[in-house]
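# Summary of the model geometry
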Amino acid sequence: ASHYIHDASCTQAAAFDEVEANLWTVFPNPTRQFLVVQGLESDFVAVLYDSGGRVALQRKLQCSESLDLHSLPVGIYYLQIRSSRGACRYFKVIRE
């Protein structure tokens, strides 16, 4: 299994999935500890990649959960959110 960003399927979502993904927001950004994903109506998988493309964090979460980033080094990350319905979106996240 690859530990680097390599997921073309995230850019090939169906139209309804794209609409769903466009409703998602991530805050606060920049963050020091917790990152909230808002707008999800189902469980989701969150994968956080570091600036080198390596997986820094991967979690299956309920729609009301947040990500705890306090143990990660300060830097720029890329968060991939994938809903249980297949919608997918990337966010640039800054960890202070």
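### A short note on the sheet that holds strand E2 (residues 34-38)
Spatially, the three strands line up as an open sheet ordered E1-E2-E5, and their pairing is antiparallel. Across the chains shown, the open sheet's two edge strands, defined by having one partner strand only, are strand E1 (25-27) and strand E5 (66-68). On average, each strand axis in the sheet is tilted by 20 degrees relative to the strand beside it, whichever way the strands run. Here E1 pairs with E2 via three bridges, running antiparallel. Bridged to Thr25 within E2 is Gln38.

### Brief notes about a nonpolar patch on the surface
A cluster of nonpolar side chains, contributed by Ile76, Tyr78 and Ile94, occupies part of the molecular surface with about 220 Å² of accessible area. Relative to the helices and strands, Ile94 is located in strand E7 (residues 88-95). Take Ile94: its relative accessible area is 36%, and that puts it in the partly exposed class.

About the thresholds
Residues numbered from 1 in each chain as written. Predicted model: local features only at pLDDT ≥ 70, side-chain atom pairs only at ≥ 80, totals over all residues. Heavy atoms only, no water. Pairing = 2+ DSSP bridges. Helix = DSSP H or I, 4+ residues; strand = E, 2+ residues; numbered from the N terminus. Axes fitted to C-alpha atoms, helices over the stretch in contact; angles between N-to-C directions. Patch = residues over 30% accessible without salt bridge, like charges linked within 9 Å, V, L, I, M, F, W, Y side chains within 5 Å. Areas by Shrake-Rupley, 256 points an atom, 1.4 Å probe, with all protein chains shown as cover. Salt bridge = Lys/Arg side-chain N within 4 Å of Asp/Glu carboxyl O. Buried < 20%, exposed > 50% of the residue type's maximum accessible area, 1.4 Å probe, protein only.

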